Amino acid sequence: VLGFSQSTFVPVAWPDPISHSRHSVILVPLILLITIRMERRDALTVPPSELFNPWPVARSTPKWLMFGAALSLIVALIFFVLFGLRWSPNALLRPFAFGAMTLWSIPLIAAAEEYAFRGYAFWRLIRLFGFWPAQLVVAGFFAVSHITLGGFALLPALAGTVTGSVLYGVAFARARGIAAPLALHTGWNIAQHVLLSPLDPTATPLAPRVPH
């Protein structure tokens, strides 16, 4: 009989790349349900043109996914030129771990963060305070969450997560839905995992090396 983590209700025997997203397994459906409920309530008083689409599916999703990956690739090229970043084949690679990470864990974690930070709450803040004040509030919470829960150092959190949060917020406003920032976030994180900072050393085909 499989054992279950008491805090997450996810089998403890799951492979690491899947179990890495165990908190999101519960968080994503929960936030989705809250988002749908809150939007339905507001739909009674808010014009349809001001509502957003909470579903993570849209025709523009592939475009935003590739855009996110391209942005992460640009960052990798900067590290390549300025800091001597190089790559070598990863001898620790396990194909199943790589597939689980890129198809399951990373998209699920991105979905949890996007529903939490760019879902109903962000849309509500835009209506209350305006777009850029809402951006600053959400970016601040986004950075703090990565420092406290993600273990990020202060400078990477401020430089990386704040920039990412602003980009995701712009995508949200431009597409008027959660699908665009979710895809952008996923594309960025997958490329970052492969090229810059593997989330699991057995789940990436490349081993990044920086000489100094």
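Check the entry above for the structure.
In this text the structure is predicted, and so the values were computed from the model without any measurement.

Definitions and cut-offs
Residues numbered from 1 in each chain as written. Predicted model: local features only at pLDDT ≥ 70, side-chain atom pairs only at ≥ 80, totals over all residues. Heavy atoms only, no water. Helix = DSSP H or I, 4+ residues; strand = E, 2+ residues; numbered from the N terminus. Rg over C-alpha atoms; globule rule 2.2 N^0.38 Å. Buried < 20%, exposed > 50% of the residue type's maximum accessible area, 1.4 Å probe, protein only. Contact = heavy atoms within 4.5 Å. Areas by Shrake-Rupley, 256 points an atom, 1.4 Å probe, with all protein chains shown as cover. Lys, Arg positive; Asp, Glu negative; His and termini not counted. Charge placed at Lys NZ, Arg CZ, Asp CG, Glu CD. Patch = residues over 30% accessible without salt bridge, like charges linked within 9 Å, V, L, I, M, F, W, Y side chains within 5 Å. Salt bridge = Lys/Arg side-chain N within 4 Å of Asp/Glu carboxyl O. Axes fitted to C-alpha atoms, helices over the stretch in contact; angles between N-to-C directions. Left-handed = near helix turned anticlockwise from the far one by under 90°. Nonpolar A, V, L, I, M, F, W, Y, C, P; charged D, E, K, R; others polar. Phe/Tyr/Trp six-rings, centres within 6.5 Å; stacked < 30°, edge-to-face > 60°.

A. Layout of the overall build of the protein chain. Helix and strand content of the protein chain: eight helices and two strands. Reading the protein chain from its N terminus to its C terminus gives the helix and strand order α-α-α-β-α-α-α-α-α-β. For a compact globule of 212 residues, the expected C-alpha radius of gyration is about 17 Å, and the protein chain comes in at 18 Å, within 12% of that figure. When the backbone C-alpha atoms are referred to their principal axes, the protein chain occupies close to 60 × 50 × 35 Å. Counting over 212 residues, the protein chain shows a buried share of 40%. Counting only contacts in the protein chain whose residues sit at least 6 apart along the sequence, the fraction spanning at least 24 positions is 72%. When the accessible surface of the protein chain is totalled, it reaches about 11900 Å², and 73% of it is carbon and sulfur. A gap of 4 Å separates the mean positions of the 14 positive and 7 negative side-chain charges of the protein chain.

B. Structural view of a nonpolar patch on the surface. A surface patch of nonpolar side chains, about 900 Å² in accessible area, is lined by Leu73, Ile74, Leu77, Ile78, Phe79, Phe80, Val81, Leu82, Phe83 and Val210. Position of Phe79 among the secondary structure elements: in helix α3 (residues 61-83). The class of Phe79 is partly exposed, set by a relative accessible area of 34%.

C. Summary view of the environment of Ser88. Mapped onto the elements of the fold, Ser88 is located in strand β1 (residues 86-89). On a C-alpha basis, the gap between Ser88 and Val28 in space is 35 Å, while along the polypeptide they are 60 residues apart.

D. Main features of the packing of helix α2 (residues 22-42) against helix α4 (residues 95-117). Where α2 contacts α4, the axes come no closer than 9 Å and their chain directions differ by 35 degrees. As α2 runs across α4, the sense of the crossing is left-handed. Together, Ser24, Val25, Leu27, Val28, Ile31, Leu32 and Thr35 of α2 and Trp104, Leu108, Ile109, Ala111, Ala112, Tyr115 and Ala116 of α4 make up the contact between the two elements. Grouping the amino acids of the contact of α2 with α4 by side-chain chemistry returns 12 nonpolar, two polar and no charged.

E. Region of interest: the packing of aromatic side chains. A complete count under the given rule lists 11 aromatic pairs for this structure. On the numbers, 6.0 Å between centres and 10 degrees between planes, the contact of Phe80 with Trp87 is stacked. Relative to Phe142, the ring of Phe117 has its centre 5.1 Å away and its plane inclined at 75 degrees; by these criteria the two rings are edge-to-face. Placement of the pair is Phe117 in helix α4 and Phe142 in helix α6 (residues 131-148), with a sequence separation of 25 residues. The class for Phe117 is buried, based on a relative accessible area of 17%.

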